[in-house]
Amino acid sequence: MSGVGEGLGRAEVKLRWDPSPYGEPPRHLDIIAATYAADDPYGRPVYVVHTESRSPDGTINMIRHSETGMGFGFVEAMVLEFDRMSPSYGRVVVGVAIHQDGGPRTFADISNAGVVVLEGYRELLVDDFAQVAGSTAATVAEFCRDTSGRWGFGEMVRGFDADPVLFAAEMGSTRQRHS
């Protein structure tokens, strides 16, 4: 887990992928964040943020969303404001899930997929999902609050074989479902 100076204040997660080939159903990926209680950081998420939601206190928001990819770079983005987050939260796990409504798809089936995690202009993580190519979902980042209250970042690229709903419930667990 690494942090910067006083810890992370704000981070942004951006996702890119190319549209599906002509005549095929759209490929749809989503950024998902699960927030965990400070006193139970590996338990069930207190809340989950995805396309159709935001955190109850407004500290985690989707600021850009795509259902098809566009091939124009990063088309989906989520902002996490740790400097405003309640001390009752101690861990946030961020991942990416592939919607399976067009048939089973893994990251190997998604052209030009990539994710970047930023703090300002500093890249904390850049990944192309190659190490989880056979997975239908993957965690990418873990943010944890230390004993002094500062937030830090940890790379957490782990593959899962689950639909978006099941993935959201399991993504913060210590068990890896698929790699």
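K.L.:
Tell me about the overall build of the protein, and please be specific about residues and values.
P.N.:
Along its length, the protein carries one helix and 10 strands. Written out in order from the N terminus, the α and β elements of the protein read β-β-β-β-β-β-β-β-β-β-α. Burial analysis of the protein (179 residues in total) assigns 53% to the buried set. Restricting the contact set of the protein to residue pairs at least 6 apart, pairs at least 24 apart contribute 66%. On the protein, roughly 8300 Å² of surface is accessible, and the fraction owed to carbon and sulfur atoms is 49%.

K.L.:
Before we move on, can you summarise the packing of aromatic side chains with the specific residues and values?
P.N.:
Where two aromatic rings form a pair, the distance of their centres and the angle of their planes describe that pair. Applying the stated criterion across every chain yields a total of six aromatic pairs. Between F82 and W151, the aromatic rings sit 4.8 Å apart at their centres with planes inclined by 35 degrees, giving tilted as the arrangement. Of the two residues, F82 is situated in the loop between strand 5 (76–81) and strand 6 (89–98) and W151 in strand 10 (residues 151–160); the sequence distance between them amounts to 69 residues. Here F82 matches W151 in class, with each residue buried. Ring centres of F143 and F153 lie 5.5 Å apart, and the angle between their planes is 55 degrees; on these two criteria the pair is classed as tilted. Pair noted here: F143 is in strand 9 (residues 137–145) and F153 is in strand 10, with a separation of 10 residues, a long-range link. Here the two residues F143 and F153 agree in accessibility, since each one is buried.

K.L.:
For the sheet that holds strand 9, give the residues involved together with the corresponding values.
P.N.:
Across the sheet, which stays open at both edges, the five strands sit in the order 3-2-6-9-10 with antiparallel pairing between neighbours. Looking at which strands have only one partner, the edges of the open sheet turn out to be strand 3 (47–49) and strand 10. Recorded for the sheet is a direction-independent mean angle of 20 degrees between the axes of neighbouring strands. Taken together, the eight bridges between strand 9 and strand 10 define a ladder with antiparallel strand orientation. For F143, the partnering residue across the bridge sits in strand 10 and is F153.

K.L.:
Outline unusual backbone geometry, supporting the account with residue identities and numerical values.
P.N.:
In this model, N112 sits at a positive phi of 60 degrees, which is unusual for a non-glycine residue. Of note, N112 is situated in the loop between strand 6 and strand 7 (114–119).

K.L.:
How would you explain the side chain of R158 if you had to name every residue and give the values?
P.N.:
For R158, the location among the structural elements is in strand 10. For R158, which is buried and forms no salt bridge, the nearest opposite charge comes from E142, at a distance of 7.6 Å.

K.L.:
Explain the pairing of strand 6 to me, using residue names and the numbers behind them.
P.N.:
Within strand 6, 10 of the 10 residues are buried, leaving the element largely enclosed by the surrounding structure. Looking at chain direction, strand 2 (residues 29–37) and strand 6 are connected through nine bridges and run antiparallel. Looking at strand 6, one finds that A37 is bridged to Y89. Sheet topology places strand 6 next to strand 9; seven bridges connect them, and they run antiparallel. Within strand 9, the position partnered with V96 by the bridge is A138.

K.L.:
Explain the environment of S55 residue by residue, including any values.
P.N.:
Its place among the elements puts S55 in the loop between strand 3 and strand 4 (60–64). In the structure, S55 is positioned 21 residues away from A34 in sequence and 9.6 Å away in space, judged by C-alpha atoms. Those residues in contact with S55 that sit more than four places away from it in its chain are Y47, V49 and I60. Reaching out from S55, the side chain makes a polar contact with the side chain of D57 at a distance of 2.9 Å.

About the criteria used
Residues numbered from 1 in each chain as written. Predicted model: local features only at pLDDT ≥ 70, side-chain atom pairs only at ≥ 80, totals over all residues. Heavy atoms only, no water. Helix = DSSP H or I, 4+ residues; strand = E, 2+ residues; numbered from the N terminus. Buried < 20%, exposed > 50% of the residue type's maximum accessible area, 1.4 Å probe, protein only. Contact = heavy atoms within 4.5 Å. Areas by Shrake-Rupley, 256 points an atom, 1.4 Å probe, with all protein chains shown as cover. Phe/Tyr/Trp six-rings, centres within 6.5 Å; stacked < 30°, edge-to-face > 60°. Pairing = 2+ DSSP bridges. Axes fitted to C-alpha atoms, helices over the stretch in contact; angles between N-to-C directions. Lys, Arg positive; Asp, Glu negative; His and termini not counted. Salt bridge = Lys/Arg side-chain N within 4 Å of Asp/Glu carboxyl O. Polar contact = N/O pair within 3.5 Å; in protein donor to acceptor, adjacent residues only side chain to side chain.

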